[in-house]
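Examination of the molecular architecture
Read off the chains here:
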Amino acid sequence: MGCKVCLIRGDGTGPELVASIEKILKAANVDIDWIEVEAGLKCVEAGKPIVPDDTIEKIREVGVALKAPMTTPIGKGSVSPNVTLRKRLDLYACVRPVKSLPGVVTPFKNLDIVIFRENTEDLYAQIEYMVSPGVAHTIKLITEAGSERIARAAFQFAKDNGRKRVTAVHKANIMKIADGLFLRTCERVAKDYPDIEFYDNIVDNQCMQLITKWEDYDILVLPNLYGDIVSDLAAGMMGGLGLAPGANYGENCAIFEAVHGSAPRYAGLNKVNPTALLLTSTLMLGHLGMHDQKKAIEGALDATLAEGTKTYDIGGTASTTEFTDAICSQLKG
Amino acid sequence: MGKTMNLHGVDIYVQSDDIPKFAEQNGSLKLAFISNRGTKVFPPPAPKFKFISIFRCRFLSETEVSPADIDALVKSVSDAGYQWAQCQKLFIQDGVKQFSEPY
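The following paragraphs examine the structure supplied in this document.

Calculation criteria
Residues numbered from 1 in each chain as written. Chains lettered and ligands numbered in written order. Predicted model: local features only at pLDDT ≥ 70, side-chain atom pairs only at ≥ 80, totals over all residues. Buried ≥ 20, exposed ≤ 12 C-beta atoms within 10 Å, placed from the backbone. Helix = DSSP H or I, 4+ residues; strand = E, 2+ residues; numbered from the N terminus. Right-handed = clockwise from strand over helix to strand, strands pointing away. Pairing = 2+ DSSP bridges. Expected span 1.5 Å × (residues − 1). Contact = placed C-beta atoms within 7 Å. Axes fitted to C-alpha atoms, helices over the stretch in contact; angles between N-to-C directions.

**A short note on the pairing of strand S8 (residues 165–170) of chain A**
Residue and element names in this part refer to chain A. For S8, the tally of buried residues reaches five of six residues, placing the bulk of the element in the interior. Regarding the hand of the β-α-β motif, the stretch spanning S8, helix H6 (residues 178–190) and strand S9 (residues 197–202) is right-handed. Here S8 pairs with strand S10 (residues 219–222) via three bridges, running parallel. Bridge pairing links alanine 168 to valine 221 in S10.

**Description of helix H9 (residues 275–287) of chain A**
With 13 residues, H9 of chain A extends 18 Å between its outermost C-alpha atoms, agreeing within 8% with the 18 Å of an ideal straight helix rising 1.5 Å per residue. On its buried face, H9 of chain A is in contact with helix H1 (14–27), strand S3 (64–67), strand S11 (247–249), strand S12 (254–257) and helix H10 (291–306) of chain A.

**Some details on the sheet that holds strand S2 (residues 32–36) of chain A**
Either a parallel or an antiparallel arrangement is found when strands of a sheet pair, and the pairing is made through backbone hydrogen bonds. All names here are of chain A. Read from one edge of the open sheet, ten strands run S2-S1-S3-S12-S11-S4-S5-S10-S8-S9, paired in mixed fashion. Two strands bound the open sheet, and with one partner strand each, they are S2 and S9. Mean inter-strand twist for the sheet, computed between neighbouring axes without regard to direction, equals 25°. The pairing of strand S4 (residues 93–99) with S11 spans three bridges and is classified as antiparallel. Note on S11: the bridge partner recorded for alanine 93 is tyrosine 249. Where helix H8 (residues 224–238) meets the sheet, it contacts S4, strand S5 (112–118), S8 and S10, and its direction lies at approximately 155° from that of S5.

Scope: geometric values only; no functional claims are made or implied.
In structure tokens form, the structure reads like this:
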């Protein structure tokens with residue numbers, strides 16, 4: 001019997017991406033018992049919450065989920081299913097590795113950065129009011145406890161993976177109280193990791209430095225909103241959102257999800273790039289201790305890209321199916 | 001600009017180590033939810049995470065209320081022994097809520 005993993009097939013292109021991943025994992029002899037749970041547009045259309053309580057409970061019970069992209073309905077009162085899962089399961093650490101891939105041509109060679117984005121606080125607490133006509137307030141919620149646990153996650157990852165430095169990214173020169181609390185907390189945690197270099201950087205400067213001196217950066221740790229923006233910037237540096245994996249970790253639970261959205265206008269066209277969800281899946285395999293299969297799949301992906309089999313978004317002509325089959329052939333070869 | 005915003009409730013941010021306990025109906029104002037860090041913790045099910053010591057308690061009325069109703073409610077929270085840190089009145093304009101919902 002394999003490891004139990006909850007599976008959310010997602011909306012838009014989600015189901016066809018999941019089909020690709022299932023095929024590749026099978027070719028790599030990965031033994032997983034998928035437990036399908038519902039969330040997203042189908043739930044809304046059936047009159048249920050966008051993430052039903054039984055889905056949250058099942059993921060909490062199993063402890064691991066793979067999630068394809070979901071669509072946030074546009075309109076007043078709609079909440080993001082992705083943020084709902086992160087918030088209700090307290091998945092505080094969003095980890096997004098960005099690394100150059102063979103055959104993917106970008107100006108950013110030897111890119112290798114891991115972004116730790118705080119996932120439950122900041123402006124994403126979604127506390128907003130119109131306080132008088134024409135005047136809106138949004139609360140930016142930063143806590144010492146929330147800042148400490150993401151900082152510790154970043155430093156511990158650096159220590160466990162032989163990384164050299166952690167950079168805390170903030171705007172404490174302007175938001176001296178909220179971002180100041182985040183920065184001071186990171187500085188305090190840094191003292192517990194004397195072998196890891198610690199720097200801090202203002203978020204606007206960090207964006208500029210990322211595209212001019214990316215090789216100087218190793219681990220970045222950021223509050224939620226800056227983390228959201230900088231991780232998409234970094235995904236672009238890697239070659240696009242179709243390549244960038246992501247994971248959300250809590251104390252006892254983890255959800256693995258690609259960075260990109262559900263791209264509903266590409267649904268059914270057999271065109272989208274499954275790389276982001278595939279690398280997301282290999283992060284999950286590492287979490288589950290399946291290191292040999294992780295290495296084999298990542299090797300097969302690298303070989304496929306290096307041979308020039310690519311989807312449209314990175315300059316190729318391969319369909320989703322052709323790209324998937326090429327990776328499977330590498331695994332069997 | 002200039003449109004009327006009708007008062008329908010209040011979010012009271014209460015200092016507490018655990019989920020505060022209030023009467024669910026206070027005149028026309030009903031306890032709609034309590035959230036912690038933007039995530040609903042009442043009514044159940046409450047997510048299993050470590051709470052921070054500020055809870056947002058939303059009291060909402062289907063009909064318009066007066067500022068005096070809000071003042072009385074806030075006083076009742078203090079009288080119940082809770083320290084509140086912040087209050088925010090909740091408005092509805094042309095039938096549309098002018099405030100966000102928790103996760």
